[in-house]
Amino acid sequence: LEDIPQTAYVNGRVVDSGNNFEYSSKAYFLSYARSVDALAWGFNLKFIQETLYQNKASGYGVDVGLLYRLDDSLTLGGTILNILEPLMVWDTPSHEKNAVERTEKLGLAYQLNPQLKLSGELTLKKHDSTSGFGAEYLLNNNFSIRAGMLTGMYALGFGINYVQFNLDYVYLLPTDELRGLTHKISLGYSFGLEPG
């Protein structure tokens, strides 16, 4: 997120300094998954980094998830992100620590035809919940386009798969003026899969 105005309180008023700063977040995952018949399960071990203004924070987390395929068209899923609520330690003189809130997600996906998949998701946190829905259209075995809506945001993106590599990109457009445009990019490599 770029061009965040730097402000300060002066005599009880908010004053814009004329300077801007940015916020960014990165996560590196090591994932493992297995499937038995219609049930699949897996987990992530992850390293998280955040940058805000001139400071950085880092921490480690664990996610777990389940998928259940009801039939050839309908799949249900659930996941718990940051199950241990990892601590992010900032590189400030005080080494301030912030816990990353545990998040539960429930979702479903419906394969309308071989090219088009529809999905919906409910995200639950301690203090709020959000929902979203979207669609993915498979142009060929290696390229797909995606569109959807989250609470307060529109999303557009694409996915590229080549052998065991994958690239996913999403552009988030907020429906309010408080949040800036957000770009999310993920790169992945799958071990243990047959090429093609």
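Before reading further, recall that the structure is shown in the block above.
Keep in mind the model is a prediction, meaning the values are calculated, not measured.

A. Quick look at the overall build of the protein chain. Looking only at helices and strands, one finds 0 helices and 15 strands in the protein chain. With respect to the three principal axes, the spread of C-alpha positions in the protein chain is 65 × 30 × 30 Å. Looking at the protein chain as a whole, 15% of its 196 residues are labelled buried. Taking as baseline every contact in the protein chain between residues at least 6 positions apart, the subset at least 24 positions apart corresponds to 26%. Looking at the protein chain as shown, the accessible area adds up to about 14200 Å², and 58% of this sits on carbon and sulfur atoms. Counting 15 positive and 21 negative side-chain charges, the protein chain places the averaged centre of each group 3 Å from the other.

B. Just the pattern of salt bridges, in detail. In this structure the tally under the stated criterion is 5 salt bridges. Note that Arg-146 and Glu-136 form a salt bridge whose closest N and O atoms lie 2.8 Å from each other. In this pair, Arg-146 is assigned in strand 12 (residues 143–150) and Glu-136 in strand 11 (residues 129–140), connecting sequence segments 10 residues apart. Residue class for Glu-136 comes out partly exposed when judged on its relative accessible area of 21%. Taken together, the salt bridges that share partners define one network made up of Glu-136, Arg-146 and Asp-168.

C. Up close: the packing of aromatic side chains. As enumerated under the stated definition, the model contains 9 aromatic pairs in all. Ring centres of Tyr-32 and Trp-41 lie 6.0 Å apart, and the angle between their planes is 55°; this geometry places the pair in the tilted category. Site record: aromatic cluster; members linked through ring pairs are Tyr-28, Phe-47 and Tyr-60.

D. Inspection of the environment of Leu-74 at higher detail. With respect to the helices and strands, the residue Leu-74 is situated in strand 6 (residues 74–81). C-alpha of Leu-74 to C-alpha of Gln-111: the two residues are 37 residues apart in sequence and 6.5 Å apart in space. Once you skip the residues sitting within four places of it in the chain, Leu-74 turns out to touch Tyr-68, Arg-69, Leu-108, Ala-109 and Tyr-110.

E. Structural context of the pairing of strand 4 (residues 39–52). When strand 3 (residues 23–36) meets strand 4, the two strands line up antiparallel, connected through 14 bridges. Opposite Arg-34, over in strand 4, you have Trp-41 as the bridge partner. Between the antiparallel neighbours strand 3 and strand 4 lie 2 residues, among them Asp-37 with a positive phi of about 55°. Across 14 bridges, strand 4 lies against strand 5 (residues 55–69) in antiparallel orientation. Note on strand 5: the bridge partner recorded for Ile-48 is Gly-59. Taking the residues that link successive antiparallel strands as the turn, the strand 4-strand 5 hairpin has 2 residues, and the phi of Tyr-53 there is positive, at about 60°.

F. Highlighting the side chain of Asn-82. Tracing the backbone through its elements, the reader meets Asn-82 in the loop between strand 6 and strand 7 (87–90). At 2.9 Å, the side chain of Asn-82 and the side chain of Lys-46 are in polar contact. The contacts of Asn-82, once residues within four sequence positions are left out, are Lys-46, Ile-48, Val-62, Asp-63, Val-100, Glu-101 and Arg-102.

G. Seen up close, a nonpolar patch on the surface. A cluster of nonpolar side chains, Leu-30, Tyr-32, Leu-39, Trp-41, Phe-43, Leu-45, Val-64, Leu-66, Tyr-68, Leu-70, Leu-76 and Leu-108, forms an exposed patch at the surface whose accessible area comes to about 1100 Å². Of all the elements in the fold, those that place two or more residues in the nonpolar patch are strand 3, strand 4 and strand 5.

H. Quick peek at the side chain of Thr-75. You can see Thr-75 is positioned in strand 6. Excluding anything up to four places from it in sequence, Thr-75 contacts Leu-67, Tyr-68, Arg-69, Gly-107, Leu-108 and Ala-109.

I. Layout of the environment of Val-62. Structurally, Val-62 can be placed in strand 5. Here the alpha-carbon distance between Val-62 and Leu-106, two residues 44 residues apart in the chain, equals 17 Å. The contacts of Val-62, once residues within four sequence positions are left out, are Asn-44, Leu-45, Ile-80, Leu-81, Asn-82, Ile-83 and Leu-84.

Procedures and definitions
- Residues numbered from 1 in each chain as written.
- Predicted model: local features only at pLDDT ≥ 70, side-chain atom pairs only at ≥ 80, totals over all residues.
- Heavy atoms only, no water.
- Helix = DSSP H or I, 4+ residues; strand = E, 2+ residues; numbered from the N terminus.
- Buried < 20%, exposed > 50% of the residue type's maximum accessible area, 1.4 Å probe, protein only.
- Contact = heavy atoms within 4.5 Å.
- Areas by Shrake-Rupley, 256 points an atom, 1.4 Å probe, with all protein chains shown as cover.
- Lys, Arg positive; Asp, Glu negative; His and termini not counted.
- Charge placed at Lys NZ, Arg CZ, Asp CG, Glu CD.
- Salt bridge = Lys/Arg side-chain N within 4 Å of Asp/Glu carboxyl O.
- Phe/Tyr/Trp six-rings, centres within 6.5 Å; stacked < 30°, edge-to-face > 60°.
- Pairing = 2+ DSSP bridges.
- Polar contact = N/O pair within 3.5 Å; in protein donor to acceptor, adjacent residues only side chain to side chain.
- Patch = residues over 30% accessible without salt bridge, like charges linked within 9 Å, V, L, I, M, F, W, Y side chains within 5 Å.

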